Amino acid sequence: MKIPISKPWFGEEEKQIIAEVIESGWVVQGPKVSAFEHKFCGYSGSSFALATSSCTTALHLALLSLGMAPGSEVVVPAFTWVATANVVEMIGAHPVFVDIDPKTYNMDVKLLEKAITPKTQAVIPVSLFGLSADMGPILDLARKHGFKVIEDAACALGSLYQGHHAGTLGDAGCFSFHPRKSITTGEGGMLITGSNAVSDVARSLRDHGASITDLSRHLGARPYLLPEFNHLGYNYRMTDLQGALGVIQMERLEQIIERRITLARRYDDALKEFSWLSPPFVPDGYRHAYQAYVCRFLPETVSLDHVAEQNAKRNALMDRLEAVGVSTRPGTHAVHMLGYYRNKYGLKPVDFPQAYLADQLTLTLPLYAQMTEQEQGYVIAALEANYEI
Ligand SMILES: Cc1ncc(COP(=O)(O)O)c(C=O)c1O
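Since this is a predicted model, take the numbers as computed values, not measurements.

This paragraph deals with the nonpolar core. Among the nonpolar cores identified, the biggest contains 110 residues, and Ala-62, Ala-122, Ile-150, Cys-174 and Leu-191 are the most heavily contacted of them. Residue contributions to this core peak at 9 residues, all from helix H9 (residues 240-271). For Cys-174, the contacting residues outside a window of four places in its chain are Cys-55, Ala-58, Leu-59, Ala-62, Ile-150, Glu-151, Asp-152, Ala-153, Ala-154, Gly-189 and Leu-191.

Okay, the sheet that holds strand S4 (residues 120-123) next. Taking strand neighbours across the sheet as the criterion, the 7 strands line up as S1-S9-S8-S5-S4-S2-S3 in an open arrangement whose pairing is mixed. The open sheet has two edge strands, strand S1 (48-52) and strand S3 (94-98), and neither has a second partner. Within this sheet the neighbouring strands show an average axis-to-axis angle of 25 degrees, counted without direction. Note that strand S5 (residues 148-152) and strand S8 (residues 172-176) share 3 bridges and pair parallel. Its bridge partner being in S8, Glu-151 is matched across the sheet by Gly-173.

Considering the arrangement of structural elements, one finds Ile-116 in the loop between helix H5 (109-115) and S4. Distance in space between the C-alpha atoms of Ile-116 and Val-74 is 9.0 Å, their sequence separation being 42 residues. Beyond its immediate stretch of four places on either side in the chain, Ile-116 contacts Leu-141 and His-145.

Taken domain by domain, the protein holds domain 1 (12-249) and domain 2 (253-386). A separation of 26 Å is found between the C-alpha centroids of domain 1 and domain 2. Tallying the contact residues gives 31 residues for domain 1 and 32 residues for domain 2. Here the side of domain 1 that touches domain 2 is built from residues that sort into 19 nonpolar, 9 polar and 3 charged.

With that settled, consider the environment of Asn-315. Among the structural elements, Asn-315 can be located in helix H10 (residues 307-323). Since 15 C-beta atoms lie within 10 Å of it, Asn-315 is described here as partly exposed. Taking the C-alpha atoms as reference points, Asn-315 and Leu-357, separated by 42 residues in sequence, lie 14 Å from one another.

Below, the discussion takes up the packing of helix H3 (residues 55-65) against helix H4 (residues 83-90). The N-to-C vectors of H3 and H4 enclose an angle of 40 degrees; their axes lie 9 Å apart at closest approach. With respect to H4, the element H3 is oriented oblique. Between H3 and H4 lies a crossing whose hand is right-handed. On H4, the residues that touch Cys-55, Thr-56, Leu-59, His-60 and Leu-63 of H3 are Ala-83, Val-87 and Met-90.

Our focus in this paragraph is the sheet that holds strand S10 (residues 277-278). Sheet architecture is open: 3 strands sit in the order S10-S12-S13, paired in antiparallel fashion. The open sheet terminates on both sides in strands that have one partner only, identified here as S10 and strand S13 (362-365). The pairing of S10 with strand S12 (residues 293-297) spans 2 bridges and is classified as antiparallel. In the sheet register, Leu-277 faces S12, and the bridge partner there is Phe-297.

The contact between H3 and helix H7 (residues 196-206) brings their axes to 9 Å, and the two run at 125 degrees. In terms of axis orientation, H3 runs oblique to H7. Seen along the crossing, H3 lies across H7 with a hand that is right-handed. Counted together, Leu-61, Ala-62, Leu-64 and Ser-65 of H3 and Val-198, Val-201, Ala-202, Leu-205 and Arg-206 of H7 form the full contact between these two elements. Along the lines of polarity and charge, the residues of the contact of H3 with H7 split into 7 nonpolar, 1 polar and 1 charged.

The subject of this paragraph is the site of the ligand. Around the ligand sit 14 residues in total, of which Ser-54, Cys-55, Thr-56, Trp-81 and Ser-176 are the nearest. Listed by contribution, the elements that provide at least two residues to the shell around the ligand are H3 and H4. Classifying every residue of the shell around the ligand gives 6 nonpolar, 7 polar and 1 charged.

Turning next to H10. A turn of α-helix holds 3.6 residues, and therefore any two residues three or four places apart point the same way. Look at H10: 24 Å from first C-alpha to last across 17 residues, which is about the 24 Å you get at 1.5 Å a residue. The set of residues buried in H10 consists of Arg-314, Leu-317 and Leu-321. Buried residues along H10 cover an arc of 60 degrees about the axis, so they all sit on one side. More than 90 degrees from the buried face of H10, the exposed residues found are Ala-308, Glu-309, Ala-312, Asp-319, Glu-322 and Ala-323. Looking at the buried side of H10, the elements it contacts are S12, helix H12 (353-361), S13 and helix H13 (373-386). Phi turns positive, to about 90 degrees, at Gly-325, one or two residues after H10.

About the cut-offs
Residues numbered from 1 in each chain as written. Predicted model: local features only at pLDDT ≥ 70, side-chain atom pairs only at ≥ 80, totals over all residues. Core = buried A, V, L, I, M, F, W, Y, C linked by C-beta atoms within 7 Å. Buried ≥ 20, exposed ≤ 12 C-beta atoms within 10 Å, placed from the backbone. Helix = DSSP H or I, 4+ residues; strand = E, 2+ residues; numbered from the N terminus. Contact = placed C-beta atoms within 7 Å. Pairing = 2+ DSSP bridges. Axes fitted to C-alpha atoms, helices over the stretch in contact; angles between N-to-C directions. Domains from an automatic or database assignment. Nonpolar A, V, L, I, M, F, W, Y, C, P; charged D, E, K, R; others polar. Parallel < 35°, antiparallel > 145°, perpendicular 65-115°, else oblique. Left-handed = near helix turned anticlockwise from the far one by under 90°. Near = placed C-beta within 6 Å. Expected span 1.5 Å × (residues − 1). Arc of directions from axis to C-beta.

See the structure below:
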């Protein structure tokens, strides 16, 4: 049996709508992207949604349209996908890393205040693997110190924090539709915000700095005249082929999340038998959307003393699982240990120990909405058969 780490859920509806877009002849950002954005606002309750080419470009737009200046400091968690920090570098600002809470893998809010300086202009809390960041204390600090909050909700579509959708609590929220996410448009992202001004600037920056979109121009009275270009912009647009996929995928979203939660519960039950592997933790008041089911290998490990040895054991287990057809992955990476950041800022594992431990000892199990009980049973049996002390 071959069990991938994840798999998009596409059906006849996606094929049909893609054919419709091709027939229409309009394949760049247009009516389908607008329809996707509209559905996204309806689902999340956000006032504005702008589809982008990826979550990375959505985060870049969010930083720019919230007025982040070169030389400022932007706080990011040390355990996240590299893009969260890269976008800060891209605007010439300085990423300030904060360690994570080892239970939730999200930014440790107790450490956040110490990282804030007069230069802090924004914090990017990440809602990793589908569990929202602890937004309450972060928003309190934002009010106290006057910084902006940009939620990296790349993995968090469908996750709830005290009943609120992840991504809707900060000044902006950014989502990813990469195929490892719950819904996918191939590549793709979404920027949401409650601010008219932020949305206006981001809309223009997404499209070379143009004053109106191509669609509005074509629907207007004089479509043959080019618009005004008042900003230094980018081309971060989503295509209508992707937008069309997004429209259909949004219709499947709740079903996908429910299914992922059901499968996660089944893994949780099975993992009770394995003291060497602990399931994801879900604090009260949160809905975990399980973009990824990330476990902790040898969960009793709390210091860096023997982590190299334990990491070798985790990797050997991953090798054995791969050999029997079960794909696994580390949760994500400790960004301070990636070459660019390690070299530029002279960082060491011990600077953010919980991020480093999570990097070395997390193990993601396969999870996708169409996973059968038989497939999941195979993964659980493979874990049991392949763990060696
Ligand atoms: C936390 C986080 N932020 C940002 C991104 C970037 O998303 P994209 O690949 O859509 O640019 C990812 C992608 O996996 C992610 O996990």
